Amino acid sequence: MHKFESKLDCYDTVKEELEVPSTDIEASIELIATESDRYGSTQDREDTRTSFIESQMSDPTLSDAWEMARTEGNAYAIKDGALTHTEYICGEKVKQVVLPKCKRDEVLRVAHEIPLDGHLGEQKTKQRIKYSFFWPEIKKNVREFCQTCKPQSWRDHLLHADSVFRKWRKVGLTVNLEKCAFGQNQVKFLGHIVGSGQHSPDPEKAEVLRNLSRPSTKKELRSFLGLASYYRDYMPNFSKLFCR
């Protein structure tokens, strides 16, 4: 893993880091270090590591995790004094640093907010975090954080748009203004209606799905299942309905 060029709120760098599975515990600890610690002397970095481990040990929310780490046969472990967790993500074994409570809000914020993509949903936010970090009740904390996330103000929106335009200009991209829309509360995007922190199926696409004739061949059945699967997030118990 490459070193950060600024603090944790340097979104572009964090975005790259959190999307790459981490098998380096030291790199994950460095991920949440301050800039001075990160570029300080070897002794400074060792002090940072020691301070982080002390935060883990003094955190009451990690007491059960420490107990489990001292026994074999579970996902928690102690590596060079640091509390770690191992999990399989998409079939790949990922080693995660267990975050103390004092570090979680900062990681949640950075994993959730991406300048060029807006605010991610619960699943993507959790996935980005778990490539490097873990803690008890991470699923609950991510859900609560995403649900209470405040929408952008008009000023934030303008600053966000300005940042995007500047990046486009820098790489020589152009857009057709007649095909652009700005300041929209909702937009159609890939068969979904997205906006105001919510998303739903595009009514036109949903109507097509409802009006489809009953499949009579294997090809038609595959086509129907493919279309229905695209909207599976809106169908409770989808796998039970279609895989009986």
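- An unreviewed UniProt entry lists the protein chain under the name RNA-directed DNA polymerase, from Araneus ventricosus.

**Side note on the pairing of strand β3 (residues 92-98)**
Here comes step 1: Looking at chain direction, strand β2 (residues 82-89) and β3 are connected through six bridges and run antiparallel. Residue pairing for β3: E87 is matched across the bridge by V94.
Here comes step 2: Between the antiparallel neighbours β2 and β3 lie two residues, among them C90 with a positive phi of about 55 degrees.
Here comes step 3: As paired elements, β3 and strand β6 (residues 133-134) share two bridges and run parallel to each other. Residue pairing across strands places V97 opposite F133, the latter belonging to β6.

**Thoughts on the nonpolar core**
Here comes step 1: Y76, L83 and I129 are the most contacted members of the largest nonpolar core, which totals 20 residues.
Here comes step 2: If we skip the residues at most four places from it in the chain, I129 touches V107, L108, A111, W135, I138 and V142.

**Let's talk about helix α6 (residues 101-112)**
Here comes step 1: Taking 1.5 Å of rise per residue, twelve residues should cover 16 Å, and α6 covers 17 Å from first to last C-alpha, within 8% of that figure.
Here comes step 2: Among the residues making up α6, those that are buried are R104, V107, L108, V110, A111 and H112.

Criteria and cut-off values
- Residues numbered from 1 in each chain as written.
- Predicted model: local features only at pLDDT ≥ 70, side-chain atom pairs only at ≥ 80, totals over all residues.
- Heavy atoms only, no water.
- Pairing = 2+ DSSP bridges.
- Helix = DSSP H or I, 4+ residues; strand = E, 2+ residues; numbered from the N terminus.
- Core = buried A, V, L, I, M, F, W, Y, C linked by side-chain atoms within 4.5 Å.
- Buried < 20%, exposed > 50% of the residue type's maximum accessible area, 1.4 Å probe, protein only.
- Contact = heavy atoms within 4.5 Å.
- Expected span 1.5 Å × (residues − 1).

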